[in-house]
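# Per-entry structural report
This is what each chain is made of:
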Amino acid sequence: MRLGATLADLSPGPPIAVAERAKRLAGAGFESLWTPQIIGRGFFVPDPFVTLAVAATATGGVELGTATVQVPLHHPADLAHRVRSLMPVCGDRLTLGVSPGSTDLDYALLDRDYAARFRTFRENLPLLRDLLGDERPPLLLGSWGANVERAAREFDGWLASAYRRTPDQIIAAHERFRAAGGGRAIVCAVPVPDSGDLGPTGEVLRRYADAGFDDAVVLIGPDGPDPARVRALL
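Quick summary incoming for the structure in this document. Predicted model, so just to flag it, every value in this text is computed and none were measured.

With that out of the way, let us pick up the overall build of the protein chain. Helix and strand counts for the protein chain stand at nine helices and eight strands. The C-alpha atoms of the protein chain give a radius of gyration of 17 Å, which matches the 17 Å a tight globule of 234 residues would have. Taken over the C-alpha atoms alone, the protein chain extends approximately 45 × 40 × 35 Å along its principal axes. The proportion of buried residues among the 234 residues of the protein chain is 51%. Considering only residue pairs separated by 6 or more positions, the protein chain has 76% of its internal contacts joining residues 24 or more positions apart. A total accessible area of about 10400 Å² is found for the protein chain, and carbon and sulfur atoms account for 52% of it.

The following block contains the structure:
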């Protein structure tokens, strides 16, 4: 199982120095860097496309991904324009994780219909695929419920968020994903404690590896342990 890291901080605090953090995580041996789209949750998370463009220029070799872009918050043409603008910066390192979204606060801030997000996602995604063309980056679906099987059938892989789910829930959903013929499976935002024993985090990562996940992406806070210590867990 490959190990990646979340590039953004998902907590209140000053903006991070993206280039410096990307270099530090890549230097510690993480094989991929991921950032979400979060807009209206009471703390600042930089735009994912700007963040990944900076990370692309600061690093070499590591995969760069969105986990995830909330498709219904965008017009498909605008989203395709932003992705295609990022593609030559990242090259073949770019992976596009997409989702219907999971938090009404982002939708309220942009005056979008949260209740219609799944319908809007289904309507907009074919347009996005067409606008991106055949040379698009891999598309991974981040979602739960029946969408786990949809990720297996219609996408290049599945992103499982560990931010609000237990390992047992995630592993059970992964079994459904594999049973449906799914390809790449990534568990994202695996929390790392700011201090103390990293043993439990290592045990969780090994559970995901034993379950057959292709990648795990850890979430290290601004006051968290040295990335090299976390990388050494796996």
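Let us keep going from here.
A few words now on the packing of aromatic side chains. Inspection of the entire model under this criterion finds five aromatic pairs. Between the aromatic rings of Y208 and F213, the centroid separation amounts to 5.5 Å while the plane-to-plane angle is 75°, which identifies the pairing as edge-to-face. Classification of Y208 as buried rests on a relative accessible area of 1%. Its end group placed over the ring of F155, R129 keeps NZ or CZ at 4.9 Å from the ring centre. The ring of W144 carries R165 above its face, with NZ or CZ at 4.3 Å from the centroid.

Grouped together as the largest cluster of nonpolar side chains are 56 residues, with contacts concentrated most on F30, W158 and V218. Ranked by the residues each element gives to this core, the list is headed by helix 3 (residues 76-90), at six residues. With sequence-adjacent residues up to four places away left out, F30 is seen in contact with L3, G4, A5, L25, V62, V218, I220, P227, V230 and R231.

Turning next to the packing of helix 3 against helix 5 (residues 117-132). Geometrically, a packed helix pair is captured by the angle between its two axes and the distance between the axes. Packing of helix 3 against helix 5 brings their axes to within 9 Å, and their N-to-C directions diverge by 40°. It follows from the interaxial angle that helix 3 and helix 5 lie oblique. Handedness of the crossing formed by helix 3 with helix 5: right-handed. Residue-level inspection shows P76, A77, L79, A80, V83 and R84 of helix 3 in contact with helix 5, the latter providing N124, L127, L128, L131 and L132. Considered class by class, the residues forming the contact of helix 3 with helix 5 number nine nonpolar, one polar and one charged.

This part covers the pairing of strand 5 (residues 139-142). Neither face of strand 5 is open: one carries L139 and L141, the other L140 and G142, and all of them are buried. Two elements, strand 4 (residues 94-99) and strand 5, share three bridges in a ladder whose sense is parallel. Pairing of V98 across the sheet is with L141, part of strand 5. Two elements, strand 5 and strand 6 (residues 157-161), share three bridges in a ladder whose sense is parallel. The residue bridging G142 from the neighbouring strand is L159, located in strand 6.

Before going further, it helps to examine the environment of L105. Examined against the element boundaries, L105 turns out to sit in helix 4 (residues 104-109). In this structure the C-alpha to C-alpha distance between L105 and G60, which are 45 residues apart in sequence, comes to 35 Å. Not counting residues within four places of it along the chain, the set of residues in contact with L105 comprises G40 and R41.

Here helix 3 spans 21 Å end to end across 15 residues, near enough to the 21 Å set by a 1.5 Å rise per residue. When we look at burial in helix 3, the residues that qualify are P76, L79, A80, V83, L86, M87 and C90. Across the axial projection of helix 3, the buried residues extend over an arc of 130°, all falling on one side. Counted as exposed and oriented over 90 degrees from the buried face of helix 3: H81, R84 and P88. Lining the buried residues of helix 3 we find helix 2 (48-58), strand 3 (63-70), strand 4 and helix 5. One or two positions beyond helix 3, positive phi appears at G91, with a value near 65°.

How each quantity is defined
Residues numbered from 1 in each chain as written. Predicted model: local features only at pLDDT ≥ 70, side-chain atom pairs only at ≥ 80, totals over all residues. Heavy atoms only, no water. Helix = DSSP H or I, 4+ residues; strand = E, 2+ residues; numbered from the N terminus. Rg over C-alpha atoms; globule rule 2.2 N^0.38 Å. Buried < 20%, exposed > 50% of the residue type's maximum accessible area, 1.4 Å probe, protein only. Contact = heavy atoms within 4.5 Å. Areas by Shrake-Rupley, 256 points an atom, 1.4 Å probe, with all protein chains shown as cover. Phe/Tyr/Trp six-rings, centres within 6.5 Å; stacked < 30°, edge-to-face > 60°. Lys NZ or Arg CZ within 6 Å of the ring centre and 35° of its normal. Core = buried A, V, L, I, M, F, W, Y, C linked by side-chain atoms within 4.5 Å. Axes fitted to C-alpha atoms, helices over the stretch in contact; angles between N-to-C directions. Parallel < 35°, antiparallel > 145°, perpendicular 65-115°, else oblique. Left-handed = near helix turned anticlockwise from the far one by under 90°. Nonpolar A, V, L, I, M, F, W, Y, C, P; charged D, E, K, R; others polar. Pairing = 2+ DSSP bridges. Expected span 1.5 Å × (residues − 1). Arc of directions from axis to C-beta.

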